[in-house]
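# Coordinate inspection notes
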Amino acid sequence: MAEALAEPTAADSALRPWRPLLVQVAALLAAGAALVIWLVTADLTAVERETLNPDSLLQLLGQHLWLTAVSTVIVLAIAVPLGVLLTRGPMRRAAGPVLAVANFGQAAPAVGLIVLIAAAPFLPNGFWAAIIALVLYAALPVLGNTMIGIRGVDQRLVEAGRGMGMTARAVLFRIELPLAVPVMLAGVRTALVLLVGTAALASFINGGGLGLLITTGVNLYELRVLVTGAVMTALLALLIDWVGRVVEHVARPKGM
Amino acid sequence: MPETTAVAEDRDESQITGKSIRLEGVTKRYPGQSTPAVDGVTLEIPAGQVVMLVGPSGCGKTTTLKMINRLIEPTEGRIVLGDEDVTAIDGDQLRRRIGYVIQAGGLFPHMTVAQNIAIVPKMLGWDAQRIADRTTELLDLVSLDPDTYRDRYPKELSGGQQQRVGVARALAADPPVLLMDEPFGAVDPITRQRLQDELIRIQQELRKTIVIVTHDFDEAVKLGDWIVVFREGAQIVQYDTPERILADPADEFVESFIGSGAGIKQLALQRVRDVDLKEAITARPGDDAAEVLAKVEKAGHGHVVVLDERDRPLSWPSRRALSRMATIPAEADERTPVIGSGATLNDALDEMLVSNAGAALVTGRRGAFAGVITIEEVMDAIRAVRASASDDLADAPVGTNAGSDDGTGDEVAQDG
């Protein structure tokens, strides 16, 4: 094939996957701007002005992000190594039971999980109670996708690697994990979106976050506060999903 | 060690870069299975030769292969590479010294061609310049243009190209031994034939010790200096040259495995250049047809070969066709049966049957006419192969299931 002919098509196909991502972020920015305009121009009551001023909104947003970030880090630190471990040799037998536990964590209603952990006498309250519940809730997609991703690597490639004299460790880090990255990242993105949404429930046990706007709105029947909290949570989840997709796209191993 | 064999005699021994391999009473038992997958195999693989392991699927030939580089650890027995016992050394270190090729190449899709080839040299601590030079050299060796293919990813290559890179990768650190597990199983027949020819050429250049697992007996005949025929439980039924296995199968199992047409298969063992070609009357375009006809009749031939200015055959008119011509025409006749001197007798016979001529024109260097091969020569060649194959039964390497007590390799006994 002539290089001159190959060039534009290659550039074209490199751009194509970005198009939906650009549309997604444009829509998110537009929705965010609409929310801000609505808040600025609306005729707010005293209570609303108290809750919906930029400072307190940013503080709640910060808390929400912090909840999400901390629980994500913990989920990754636990679920990825565990997932790798459960695909190694004799540990494979433990995969079933561990997945069952992880399934239970996700199947249990998140509100119940959060309240239960906060109510348990030997567990912490507030922020850390919320973190424990969130980690339990979001571990499954990361754990599951890590295992699926590694198991999905063609066994002949693993054998080729071993056959060339690569150590088991080298095969894991240079072949299995890089090839599993797309599937694993999809799991992480799912977990992140779950966490952003579920972190809204932390306000029930004094864990902070954007959920506070929703509970306040419901309790005081302040519709604007309620809507602001709900819309911000939704936009944040969509934004995180977008970031996840961008990362997936960039981190996908070349040649695949 | 008695490594001199009938096949090696006419070669220059000093060029051999391979090492011999000896399996001594090697057994593999899997837990929970009553019969061993491989049972006490003692096998001697001479240095610098191609040994084919053939047998039905599940017969243990792949397990035997993988025990050579200890990808599968033997339950019992010893593995000797050259004169070094490698049964107990570090498996990863051992495998870095043995090239390994699997079906479809087994290239890592997230690495470029160059990165794939660099894996073993990197593990051995080569510097970047040496690795880059070696990559270029290897891509040349497997007939891939280095500048075009170096930075491509495997998915941008055809199946045959991937397989070539797979071979280049296995040869990266210049290992003395190459193990290939069904290397050409996943490509189409035409590509497979090309890759086989390529491997023959590379082996002529490098003279490694190559062990290839295949279920295709024709491939074994084409590529192997020696063939080991296995049956279930890695029982060695026969270990001999392709010629002798075809001429004298050890038992009915081997016979059935060879399949029908052993005589035809022997044709794949001989090249056209190995048989005596017949001379022919030649003519040039523009020559007077009557004169040419007189020469042909005088020589008692049936045809005349028309050559172009570079001695390449154009057409092959018969006496009757000549008698209808005024001058010899310059047009090329596409139906003229032409084969290269490197083709097998099998190819030659094919060409004759297709062209319906009972003979074919043979071309040598740069397509120049070299002579005529007829069906009689082909038949004579088959008879000669049969006669010589049963001649000497000595100096075949050891291959038995005798177990570990009898695996010294000093005594060269061949049953059958």
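Residues numbered from 1 in each chain as written. Chains lettered and ligands numbered in written order. Predicted model: local features only at pLDDT ≥ 70, side-chain atom pairs only at ≥ 80, totals over all residues.

## Quick look at the overall build of chain B
Filter applied, for reference: Secondary structure follows DSSP: runs of H or I at least 4 residues long count as helices, runs of E at least 2 residues long count as strands, and numbering of each begins at the N terminus. Exposure classification rests on a simple neighbour count of other C-beta atoms within 10 Å of a residue's own: a residue reaching 20 or more is buried, one at 12 or fewer is exposed, and one in between is partly exposed. C-beta atoms are placed from the backbone. By the convention adopted here, residues make contact when the C-beta atoms placed from their backbones lie within 7 Å.
Assigned secondary structure in chain B consists of 15 helices and 17 strands. Burial status across chain B gives 45% buried among its 416 residues. Nonlocal contacts in chain B, meaning residues at least 24 apart in sequence, comprise 67% of its contacts between residues at least 6 apart.

## Structural notes on the interface of chain A and chain B
Operational definition: Under the scheme applied, nonpolar residues are Ala, Val, Leu, Ile, Met, Phe, Trp, Tyr, Cys and Pro; charged residues are Asp, Glu, Lys and Arg; polar residues are all the others, including Gly.
Opposite the 16 residues of chain A that make contact, chain B presents 19 residues. Counting only elements with at least two residues in the side of chain A that touches chain B, the list comes to helix H8 (155-163) and helix H9 (168-198) of chain A. When residues of the side of chain A that touches chain B are assigned to their parent elements, the largest contribution, 6 residues, is made by H8(A). Its residues placed into classes, the side of chain A that touches chain B shows 8 nonpolar, 4 polar and 4 charged.

## Quick notes on the pairing of strand S7 (residues 177-181) of chain B
The side chains of a regular strand alternate between the sheet's two faces. Residues and elements named next belong to chain B. The test is simple: When DSSP finds two or more bridges between two strands, those strands count as paired.
The buried fraction of S7 amounts to 5 of the 5 residues, a majority that puts the element mostly inside the structure. What you see with S7 is no split at all: Val 177, Leu 179 and Asp 181 on one side and Leu 178 and Met 180 on the other are buried throughout. Of the pairings in the sheet, the one linking strand S6 (residues 98-101) to S7 comprises 4 bridges and is parallel in character. For Ile 98, the partnering residue across the bridge sits in S7 and is Val 177.

## Side note on the nonpolar core
Heads up, the rule is: Residues enter a nonpolar core if they are buried, belong to Ala, Val, Leu, Ile, Met, Phe, Trp, Tyr or Cys, and are joined to the set through C-beta atoms within 7 Å.
In terms of nonpolar packing, the biggest core is built from 134 residues, with A:Ile114, A:Ala133, A:Leu134, A:Ala139, B:Met52 and B:Val228 touching the most fellow members. When residues of this core are assigned to their parent elements, the largest contribution, 15 residues, is made by helix H7 (residues 126-151) of chain A. Core analysis: the next-biggest nonpolar cluster, separate from the first, contains 29 residues, B:Val296, B:Val306, B:Trp316 and B:Val362 among them.

## Examining the sheet that holds strand S11 (residues 282-283) of chain B
On the basis of which strands lie adjacent, the open sheet formed by 3 strands has the order S11-S12-S13 (chain B) and mixed pairing. Two strands bound the open sheet, and with one partner strand each, they are S11 and strand S13 (313-315) of chain B.

## Section: the confidence of the model for chain A
Residue and element names in this part refer to chain A. Let me state the cut-off plainly: Within a predicted model, pLDDT stands for the predictor's per-residue confidence, ranging from 0 to 100.
On average, chain A scores 85 in pLDDT, and the residues at 70 or more come to 94%. Mean pLDDT across the secondary structure elements of chain A bottoms out at helix H1 (residues 3-15), with 50, and peaks at H8, with 93. Residue range residues 1-8 is modelled with pLDDT below 50. Its contacts to residues more than four positions away, or to other chains, number 1 contact.

## Examining the sheet that holds strand S9 (residues 226-231) of chain B
Residue and element names in this part refer to chain B. The line we're drawing: Lines fitted to C-alpha atoms define the axes, with helix axes restricted to the stretch in contact, and inter-axis angles between N-to-C directions lie between 0 and 180 degrees.
On the basis of which strands lie adjacent, the open sheet formed by 6 strands has the order S6-S7-S8-S3-S9-S10 and mixed pairing. Each end of this open sheet is capped by a strand with a single partner; those strands are S6 and strand S10 (235-240). Averaged over all pairs of adjacent strands, the angle between their axes in this sheet comes to 15 degrees, without regard to strand direction.

## Observations concerning unusual backbone geometry
Peptide bonds are mostly trans, and most non-glycine residues show a negative phi. All names here are of chain B. Of note, the phi angle at Arg 207 is positive, near 55 degrees, even though the residue is not glycine. Mapped onto the fold, Arg 207 is located in the loop between helix H7 (189-206) and strand S8 (209-214). Residue Arg 207 is classed as buried on the basis of its C-beta count, with 22 C-beta atoms lying within 10 Å. One non-glycine residue, Ala 234, adopts positive backbone phi at about 50 degrees. Tracing the backbone through its elements, the reader meets Ala 234 in the loop between S9 and S10. Residue Ala 234 is classed as buried on the basis of its C-beta count, with 27 C-beta atoms lying within 10 Å.

## Description of the environment of B:Leu65
Residues and elements named next belong to chain B. Take Leu 65: it is sitting in helix H1 (residues 61-68). C-beta crowding within 10 Å serves as the criterion here: with 20 such atoms nearby, Leu 65 is assigned to the buried category. Once residues lying within four places of it in the same chain are set aside, the contact partners of Leu 65 are Leu 53, Leu 179, Asp 181, Val 211 and Val 213.

## So, the pairing of strand S4 (residues 76-81) of chain B
Residue and element names in this part refer to chain B. In this sheet, S4 lies alongside strand S1 (residues 21-28) in antiparallel orientation, the contact comprising 5 bridges. In the strand pairing of S4, Arg 22 is matched with Val 80. Inspection of the sheet shows S4 paired to strand S5 (residues 84-85) by 2 bridges, in the antiparallel sense. Along S5, the bridge assignment pairs Val 80 with Asp 85. Between the end of S4 and the start of S5, which pair antiparallel, lie 2 residues, with Gly 82 showing a positive phi angle near 65 degrees.

## Let's talk about helix H12 (residues 289-299) of chain B
Residues and elements named next belong to chain B. Inclusion rule: By arc we mean the arc of the directions from the helix axis to the C-beta atoms, nothing more.
Restricting attention to buried positions, one finds in H12 the residues Val 292, Leu 293 and Val 296. The buried residues of H12 all sit within an arc of 100 degrees when viewed along its axis, so they share a single face. Residues Ala 290, Glu 291, Ala 294 and Lys 298 are exposed on H12 and point more than 90 degrees away from its buried face. At its buried positions, H12 is contacted by S11 and helix H13 (319-323). Immediately downstream of H12, the backbone of Gly 300 shows phi near 75 degrees, a positive value.

## Some words on the confidence of the model for chain B
Low pLDDT marks stretches whose predicted atomic positions should not be read closely. Residues and elements named next belong to chain B. Per-chain confidence: chain B averages 83 in pLDDT, with 89% of residues scoring 70 or above. Scored below 50 in pLDDT, residues 404-416 makes 20 contacts in the model with residues more than four places away or belonging to other chains. The ipTM, which scores confidence in the relative placement of chains, is 0.78 for this predicted complex, and the corresponding pTM is 0.73.

## Things to note about the packing of helix H3 (residues 113-123) of chain B against helix H4 (residues 128-141) of chain B
Residues and elements named next belong to chain B. We apply this condition: Each angle receives one of four descriptions, namely roughly parallel if under 35 degrees, roughly antiparallel if over 145, roughly perpendicular if within 65 to 115, and oblique otherwise. Here a crossing is taken to be left-handed if its near helix is turned anticlockwise relative to the far helix by less than a right angle, and right-handed if that turn runs clockwise.
Remark: H3 packs on H4, axes separated minimally by 10 Å, with the N-to-C direction vectors making an angle of 125 degrees. By the criterion of interaxial angle, the relationship of H3 to H4 is oblique. Where H3 crosses over H4, the handedness of that crossing is right-handed. Mapping the contact onto sequence places Ala 114, Ile 117, Ala 118, Pro 121 and Lys 122 in H3 and Ile 131, Arg 134, Thr 135 and Leu 138 in H4.

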